[in-house]
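Structure assessment
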Amino acid sequence: MKKSADIDPITLAVLSGRMEQIADEMDATLFRAAFNPIIAEAHDASHGLYHAQSGNTLVQGKSGLPIFVGVMSFAVKAVIDKAAELGELNDGDIFIFNDAHIGGTHLSDMRLVRPYFYEGELFCFLASVGHWHDLGGAVPGNYNPSATDAFQEAFILPPVRLARAGEVNTDIIDILMRNTRLPQSAEGDLNGQLGALDLGVRRMDELLGEYGAGTVSAALEALGDRAETLMRAELSALPDGRWEAVDYLDNDGVSDSALPIKVALEISGDTMVLDFEGTAPRCAGPVNIAFPTAVATAYVAIKHIFPNLPANAGVMRPIDVRIPEGSLLAADFPAPVGGYTETILRMIDVIFSAASGVAPDRIVANAYGTINALSIAGRRSNGKPWVMFSFYGGGHGGSPEGDGLSHGNAPISTATIPPMEILEAAYPVLFRQWALRPGSAGAGKNRGGMGAIYEIEILEENGAEVFLFGERGRFAPKGVTGGGEAALNVFTYEQDDGWHTPPLTSKMHGIRLRQGQVVRLETPGGGGYGRAGERAAEAVAQDVAFGLLSAEEADTQYGSAWRGPRG
Amino acid sequence: MSNHETQAGRMIGVDVGGTFTDIFVLDEMTGTATVAKVPTTRPDQSAGFLEGIGRQVSALSTVSVVVHGTTAGTNALLERKGARIGLITTEGLRDVLEMRRRDRPATWGLRGDFKPVVPRNLRLEVPERTLADGTIRTPVDLQAVRDAARKLVAEGCLAVAVTFANSYANPENERAAAAAVREIWPNPHVSASHEILPEIREFERFSTTALNAYLQPEVSGYLDRLESALEGGGFDGEFLIVQSNGGVMTVENACRLPVRTALSGPAAGVIAAAYIAQTAGFPDVITGDMGGTSFDVSLIANGESMLTPETSVDFGMVVRLPMIEITTIGAGGGSIAWVDKGGMLMIGPESAGSDPGPVAYGMGNTRPTVTDANVVLGRIDPDNPIGGKLERLDVDAAARAIDEHVGRPLGLSTLQAAAAILKVANSRMAGAIRLVSIERGFDPKRFAFMPFGGGGALHSGALLDEVGLGRAIVPRYPGVTSAMGCVIADMRQDFVQTINAFVADLDEAALAGFMQRHMEDGHEMLDAAHTRFLSRGTTFELDMSYVGQTHTVAVPLDVSVENGKVVPPTRAEVADAFDKAYRAAYGRVLPNGVRRVMNLRSAVTGRRPKFDLSTLAPETTGTVEGARKATRKVYFGDNWHETAIYNRLDLPVGAAIHGPAILEQPDTTVLIDPGLTGTVDRFGNTIITRQGA
């Protein structure tokens, strides 16, 4: 590729916008065409341009899932390695796979990687990833809280050629469609992803036709250099030193013991080390993650701390992410990784906690820290099966500027929640409560946002079965700079003899409910920012007046100043 | 009451913007139009409104219609200056407004919280519950409703929203509750969600309803003041308000449904643009309104502006009503140019707006803006700044700022740096145009670009080049487009009703019943207005999808009406219409897919008389030479060019001006780049094309 010095800053600014727009347009194409709501509504997908030799992220769409920004470069690298092994890479080849140990995240994410050739030469890779609805395995939807290996989670496809030199191999499609419970949805998503890649090729042809391959590749190099320069400038402005933090996963869904996630953050000059030494070893259950996921997660945390940095690999050049071998952050095949969301949320939490020591004005307190994948399933009186599957929200952490957001989405995602009325219209359930959860926020100068209470009654006369994959049942989201902890995640369900909680707190499968019985999910708020004693008395009084905090809780957390001069 | 059906008088359009109030007066007798600009008055915009009309018209009794595009609602929402209001809702759901759809303000950073327009202590729950199929599980406790209403009155609430779960499926509980509240509520400001938006999705419905209540006291007070003042001045014509969907409604409806005015002002501009362009022979047009802080783009295909079903006025402030689709990016004349730590030239998002404004205004800003680059390159006349607020512009100060903040960090000369600022700003504007055209499958070559607002016409040449648009059309009075749009807009009412049924189980008679009601309600509203309609029309559309899909496609239905009765469409017709629309959107249909009808959307339109745009055309006596007033050095490419300056309004029809040239008028500067030609058409528009094209 050309050197970045070969491009003038004005052309660079123009090309940067054009290429981001190509990736954004690929995102939008798939969101519109996808059949499955996890892509169409929750935007659990991503597209971008990747380096021809290294696979590094060059440009990534703004609207896809944040975690993919870093993780997709591993998927592209896997394809580069596969092509080297095959000894050929052609214009019109398309590789497809979901193997999470190679490509990161979990088996639900189907990755398509297509080399992009311009005038006969490999210019870069285009890739598309999307969360498919179902890929076989023991549990519909592939969230199996007690899986002990990847084979129990889903069908596994290593990088193979879906198309070779423009010729689609329909055998691969036949294999895929036989290994999903929802072939119509899968076919729709696959077509959407292929359409997005086609569009990317057309747009790249136009751009390179207009500016020339040399200029565009120089721009891509320059954008990476620029991101690196920006990152180094940010790090240089911070003091040198070492800060540590540790937090815990409740358990692995198989045996009930806490799993530490530990980080040491070290800044020296314009570089940073994130060392996860001391993190728990590979575990039996599905809260392991693959190495690519761990590295990508560090990137997500960094982007949240420095939100104005561009979305390309240059940002990570000054950052050394050390993942200890044998830990649950670098679990080898076939360790189960279906619950990767919980583990990476905890990684982000500890990075924030450690970074609050060095850059308190850049950091927000911990968010609610669990995806709470809740699935309620059964059969209607006419025999037809139904499955209501969704993720539930909680509070964001307090920030230097103000209180945390109530009922936000997870830091690794931008997904919205389906409307209650859509769920009630589609499934035999009734939400008795869809409400904020008073008392759930961590105290602080700026308190956390509120978590939520969802109370769901089964209306179907055949009853239903409930599955939950959650976390934060034993270790609450933490505050920073003296802020308090939020409330724990609490899941309860009704049986004939009264209310129960699962033995593993937030992970459970196969709970039988009868018609009229209820499950209740109470999610954590966010941690507090700054010491509670510094919170304005009027703000505490308002929380009490709004019923977000009881008078007793206010006294305990903030003292009695909020009651005014008369006490 | 006078007979408006026959009386031809003056029609007046009034657009109140952030800085100026624009007045457009059309004399129907003589066919002549006059325009005026007066400063917008704050906080009460009615003073500027009345003064502006007063300047143009001595006797209000000669005015037959006043149409108003208002930002009163928009501003109240953006600045959170609506009324103190309460909410009465289903037990268990008091927090829906605050919980939104579990989103966040920005993908990266996890900052920012959200305060809904109704504080939690004023959101009260009552026992009641309707199921998704419309079954009433718990009848509403009306005593609890009355207690809640009294409590809210005692708390000083000026309006109230009543929002119950699943009221789209069966409004009985909510209707009874709203009636009970209205019996004791001290004013008419009671908004019930099934009246505002009988559509599935509780957050969107509750939010739209609450924002309506939030605006009611403020907007209806403002409109009442205007109406009384107009009547006090002898006006006895029709007073109409532009809605965000680009249609007008009566002032009475606007007071009841103020949330429909959320984007009233910009919508009027797009309506005018569509009419001007279509009249000039360009039914496909992309408008670009360049203001101080933003560039607003809208696409009109085949004379029809695009509508979007939902808009977020701000984070969490969702209005789910059909609105003219306007895409906004933060690149306006006041957007600040800067170089980031990685050495890249950036434009915005920070803006100097119009106060303090660009460096050249000399009002305290020292960081260079897009306008400063235009000043330094000679494109804006420093001795005659548009708007008339300033004596002259400080070119040297603008040059120094560009040098310091852009030139030196990038190693560019002042002129190179100014040109770079324009290039990057133009590329961002081009990106917004691509977003609404190429990304939606529209080929930009087919489209004309229409700039309006003060600054857009400086950039049209660059945008033709960047996006590959066919031509630009600069309307004769680009600064008063929105006011003109008020006079042009049709009357329109939109309706929605959630159906939620498989096509195979569709109750055809029930669907036709909703259509009939929408049509009758719409015509009743048209009847109640005292304005003249050339014709009336009703359109029906279904939101449909395959089961399992969440995105719906809009399916237009051909429905016949016989003797005032809707002929029910059959299931087969509905299925065919869906297949056709789905194929058009996605290129194929799914043979095994199960089709579902989600919502019915109806629109009833009364077409108002259009005025003849040629009345705006220049007088026939002018000559090109007579319009030429000077030459000035203007920087293009990498050199100064001696550039002819014309008084735009003096150019005769048919005049063809080859670039480089600048056409000036009191509120707009039109730049014709080298290689382009601007031709005055018979309506006084300037059509800019490539030479030899």
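This structure is a prediction, so every number in the text was calculated from the model and none was measured. (Residues numbered from 1 in each chain as written. Chains lettered and ligands numbered in written order. Predicted model: local features only at pLDDT ≥ 70, side-chain atom pairs only at ≥ 80, totals over all residues.)

Another aspect to go through is the overall build of chain A. A count of helices and strands for chain A gives 12 helices and 20 strands. On C-alpha atoms alone, chain A measures out to a radius of gyration of 24 Å, which is about the 24 Å that the 2.2 N^0.38 rule sets for 567 residues. Each of the three principal axes of chain A carries a C-alpha extent, and together these read 80 × 65 × 40 Å. Within chain A, the proportion of its 567 residues that are buried is 61%. Of the contacts formed within chain A by residues at least 6 apart in sequence, a portion of 74% connects residues at least 24 apart. (Helix = DSSP H or I, 4+ residues; strand = E, 2+ residues; numbered from the N terminus. Rg over C-alpha atoms; globule rule 2.2 N^0.38 Å. Buried ≥ 20, exposed ≤ 12 C-beta atoms within 10 Å, placed from the backbone. Contact = placed C-beta atoms within 7 Å.)

Along its length, chain B carries 17 helices and 37 strands. Its C-alpha atoms give chain B a radius of gyration of 27 Å, within 12% of the compact-globule value 26 Å for 693 residues. Dimensions along the principal axes, computed over C-alpha positions, put chain B at roughly 80 × 65 × 60 Å. Going through the 693 residues of chain B one by one, you find that 55% of them count as buried. Taking contacts inside chain B between residues at least 6 apart in sequence as the whole, the part at least 24 apart equals 67%.

This part covers the confidence of the model for chain B. Residues and elements named next belong to chain B. The predicted model of chain B averages 90 in pLDDT, with 98% of residues at 70 or higher. Below a pLDDT of 50 lies the segment residues 1–7, which in the model reaches 11 contacts outside its immediate sequence neighbourhood of four places, other chains included. Scoring the predicted complex yields pTM 0.92 and, for the interface, ipTM 0.94. (pLDDT = per-residue confidence, 0-100.)

Once that is clear, we can look at the nonpolar core. In this structure, Ile351(A), Phe24(B), Ile88(B), Val160(B), Ala277(B) and Ile421(B) are the most contacted members of the largest nonpolar core, which totals 366 residues. Of all the elements, helix H12 (residues 414–436) of chain B adds the most residues to this core, at 14 residues. Core analysis: the next-biggest nonpolar cluster, separate from the first, contains 22 residues, Ile499(B), Leu506(B), Met515(B) and Leu542(B) among them. (Core = buried A, V, L, I, M, F, W, Y, C linked by C-beta atoms within 7 Å.)

A word on the UniProt feature "domain: Hydantoinase B/oxoprolinase" (unreviewed entry) in chain A. Taken from the UniProt record, the annotation "domain: Hydantoinase B/oxoprolinase" (unreviewed entry) applies to residues 8–531 of chain A. End C-alpha atoms of residues 8–531 of chain A are separated by 49 Å, and the span's content is 29% helix alongside 24% strand. (UniProt positions renumbered as here; feature names shortened; annotations may be inferred.)

Residue and element names in this part refer to chain A. The strand order E8-E9-E10-E11 describes an open sheet built from four strands, whose pairing is mixed. What marks the edges here is a single partner per strand, and that holds for strand E8 (241–249) and strand E11 (319–322). Going from strand to strand, the sheet's axes swing by 15° on average, the running direction of each strand aside. Where helix H9 (residues 340–355) meets the sheet, its contacts fall on E8, strand E9 (259–268) and strand E10 (271–275), and the angle it forms with E8 comes to roughly 145°. (Pairing = 2+ DSSP bridges. Axes fitted to C-alpha atoms, helices over the stretch in contact; angles between N-to-C directions.)

Packed helices, taken two at a time, are described by the angle their axes make and the gap between the axes. All names here are of chain A. It is the contact of helix H11 (residues 537–545) with helix H12 (residues 551–558), at a shortest axis distance of 9 Å, that shows an interaxial angle of 155°. Here H11 is positioned roughly antiparallel relative to H12, judged by the angle of their axes. Seen along the crossing, H11 lies across H12 with a hand that is right-handed. Of the residues in H12, those in contact with Val-540, Asp-543 and Val-544 of H11 are Ala-551, Ala-554 and Tyr-558. For the contact of H11 with H12, the class distribution of residues is five nonpolar, no polar and one charged. (Parallel < 35°, antiparallel > 145°, perpendicular 65-115°, else oblique. Left-handed = near helix turned anticlockwise from the far one by under 90°. Nonpolar A, V, L, I, M, F, W, Y, C, P; charged D, E, K, R; others polar.)

Turning our attention to the UniProt feature "domain: Hydantoinase/oxoprolinase N-terminal" (unreviewed entry) in chain B. Taking the numbering used here, the UniProt-annotated feature "domain: Hydantoinase/oxoprolinase N-terminal" (unreviewed entry) corresponds to residues 12–184 of chain B. Each end of residues 12–184 of chain B is marked by a C-alpha atom, and these two atoms are 39 Å apart; helix forms 28% of the span and strand 28%.

Listed as interface residues are 54 residues of chain B and, on the opposing side, 65 residues of chain A. Elements with a contribution of two residues or more to the side of chain B that touches chain A: helix H3 (96–99), helix H7 (202–232) and H12 of chain B. Of the residues forming the side of chain B that touches chain A, the biggest block, seven residues, is contributed by H12(B).

Residue and element names in this part refer to chain B. Within helix H14 (residues 481–488), eight of the eight residues are buried, which leaves the element mostly enclosed by the surrounding structure. Buried residues of H14: Thr-481, Ser-482, Ala-483, Met-484, Gly-485, Cys-486, Val-487 and Ile-488, and no others. Considering only its buried residues, H14 is in contact with strand E1 (10–16), strand E2 (20–27), strand E4 (63–69), strand E11 (238–242), helix H9 (264–279) and strand E23 (448–452).

Residue and element names in this part refer to chain A. The sheet built from seven strands is open, its strands ordered E2-E1-E5-E4-E3-E6-E7 with antiparallel pairing. Either end of the sheet is taken by a strand with one partner, and the two such strands are strand E2 (57–60) and strand E7 (167–168). With three bridges joining them, strand E3 (residues 94–97) and strand E6 (residues 160–164) adopt antiparallel strand pairing. Each bridged residue has a counterpart across the sheet, and for Ile-96 the counterpart in E6 is Val-160.

Time to look at the pairing of E2(A). Residue and element names in this part refer to chain A. Both strand E1 (residues 45–51) and E2 contribute to a ladder of three bridges, which runs antiparallel. When the sheet's bridge partners are listed, Tyr-50 is paired in E2 with Thr-57. Following E1, the chain reverses through five residues before pairing antiparallel with E2; Gly-55 in that reversal takes a positive phi of roughly 80°.

It is common to report an interface's size as the accessible area lost on association of the parts. All names here are of chain A. Its domain assignment divides chain A into domain 1 (4–229) and domain 2 (364–535). Taking only C-alpha atoms into account, the centre of domain 1 sits 32 Å from that of domain 2. Taken together, the contacts link 13 residues of domain 1 with 14 residues of domain 2. Class assignment for the residues of the side of domain 1 that touches domain 2 results in eight nonpolar, three polar and two charged. (Domains from an automatic or database assignment.)

Attention now moves to H9(B). Side chains three or four residues apart in an α-helix point the same way, a direct result of the helix having 3.6 residues per turn. Compared with an ideal rise of 1.5 Å per residue, which puts 16 residues at 22 Å, H9(B) spans 23 Å between its outermost C-alpha atoms and is within 8% of the ideal. Across the 16 residues of H9(B), 14 count as buried, placing the element largely inside the fold. (Expected span 1.5 Å × (residues − 1).)

Right, let's get into the environment of Gly526(A). Relative to the helices and strands, Gly526(A) is located in the loop between strand E20 (518–522) and H11. Remark: the alpha-carbon pair of Gly526(A) and Ile458(A), spanning 68 residues in sequence, is separated by 30 Å.

Before going further, it helps to examine unusual backbone geometry. Look at the link from Phe333(A) to Pro334(A): it is a cis peptide, with omega at 0°. Here Pro334(A) is to be found in the loop between E11 and H9. Residue Pro660(B) is bonded to the preceding Gly659(B) through a cis peptide linkage, with omega at 5°. Within the fold, Pro660(B) resides in the loop between strand E33 (656–658) and strand E34 (661–665). In the Ramachandran plot, Thr105(A) falls in the positive-phi region, its phi being about 50° despite a non-glycine side chain. Position of Thr105(A) among the secondary structure elements: in the loop between helix H4 (100–103) and strand E4 (109–118). Here the phi dihedral of Asn563(B) falls at roughly 50°; this positive angle occurs in a residue that is not glycine.

This part covers the environment of Met99(B). Inspection of the secondary structure puts Met99(B) in helix H3. Residues contacting Met99(B), with those up to four places away along its chain left out, are Ser406(A), His407(A), Leu436(A) and Ala452(A).

Now for the environment of Ile88(B). Residue and element names in this part refer to chain B. Secondary-structure assignment places Ile-88 in strand E5 (residues 85–90). Here the alpha-carbon distance between Ile-88 and Asp-147, two residues 59 residues apart in the chain, equals 10 Å. When residues no more than four places from it in sequence are discounted, the contact partners of Ile-88 are Leu-124, Val-126, Val-145, Ala-148, Ala-149, Val-160, Val-162, Ala-177 and Val-181.

Let us now look at the packing of helix H1 (residues 46–56) of chain B against H7(B). Residue and element names in this part refer to chain B. Here H1 crosses H7 at 30°, and the two axes come no closer than 10 Å. In terms of orientation, H1 lies roughly parallel with respect to H7. Two packed elements cross with a definite hand, and for H1 against H7 that hand is right-handed. Mapping the contact onto sequence places Ser-46, Phe-49 and Leu-50 in H1 and Tyr-222, Arg-225, Leu-226 and Ala-229 in H7.

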